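Each chain is listed here by its residues.
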Amino acid sequence: MRKIEHIGIAVKNLKESNNLFEKLLGVSAYKEEEVESEGVKTLFFMNGPNKIELLEATKPDSPIAKFLEKKGEGIHHIAFDVEDILAEIDRLKNEGFIVLNETPKKGADNKLVAFLHPKGTNGVLIELCQEIK
Ligand code: ZN
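This text gives an overview of the structure that appears in the document. In this text, all values refer to a predicted model and were calculated from it rather than measured experimentally.

Calculation notes
Residues numbered from 1 in each chain as written. Predicted model: local features only at pLDDT ≥ 70, side-chain atom pairs only at ≥ 80, totals over all residues. Heavy atoms only, no water. Helix = DSSP H or I, 4+ residues; strand = E, 2+ residues; numbered from the N terminus. Buried < 20%, exposed > 50% of the residue type's maximum accessible area, 1.4 Å probe, protein only. Arc of directions from axis to C-beta. Contact = heavy atoms within 4.5 Å. Polar contact = N/O pair within 3.5 Å; in protein donor to acceptor, adjacent residues only side chain to side chain.

This part takes up the environment of Lys-133. Mapped onto the fold, Lys-133 is located in the segment after strand E8 (126–131). On the basis of relative accessible area, Lys-133 is assigned to the exposed category, the value being 87%. Here the alpha-carbon distance between Lys-133 and Ile-9, two residues 124 residues apart in the chain, equals 26 Å.

Written out as C-alpha cells, the structure reads:
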C-alpha cells in the first residue's frame, strides 16, 4: 500500500453535499461519475494531494443505500493506492484478511478496485485501488 488514495463518504443527496463540500474545501468537484454496476453516483474533490469521494445510492438495494440505512451518512471507506492489486490481494489473503473481491472490478475514477471486509479491519471498509493504465 503506497498511500491513502481517497476517503469515501456516503451521502443521501449528492447535490446538497456537492454544495457543502465546495464550501468546505473551496474547490469544485473535478469529476462526477456513475458506476452502474454498484448502483452508485460519485463526486470527486481534490484537497491538496488528497481526494475525497462522495457516494450517493442510485438503487435502493445498492451497498451505499444499505450502508445509509444501517449507519446513516458518514465515512464509508478508506481507499489505498496499490501498485499491483492482484499481488496485494494475495498478500492480504495470506495475512488472514477477508477479501470481498478476489477478482478486482472496475471502480470510479479509472481504477481497478477490491474491498476488504470491515469485520477483519476494526470496522473500517478498506478499498484497494490500482490506477488503470
Ligand atoms: Zn472509493
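Moving on from the coordinates now.
Taken as a whole, helix H3 (residues 85–94) has its buried residues at Ile-85, Glu-88, Ile-89 and Leu-92. Each buried residue of H3 lies within a common arc of 100 degrees when the element is viewed along its axis, so the set occupies one face. Among the exposed residues of H3, those oriented more than 90 degrees off its buried face are Leu-86 and Asn-94. Close packing links the buried residues of H3 with strand E7 (111–116) and E8. Structurally, the start of H3 carries an N-cap: the backbone nitrogen of Leu-86 is 3.2 Å from a side-chain oxygen of Asp-84. After H3 finishes, the residue Gly-96 shows a positive phi value of roughly 100 degrees.

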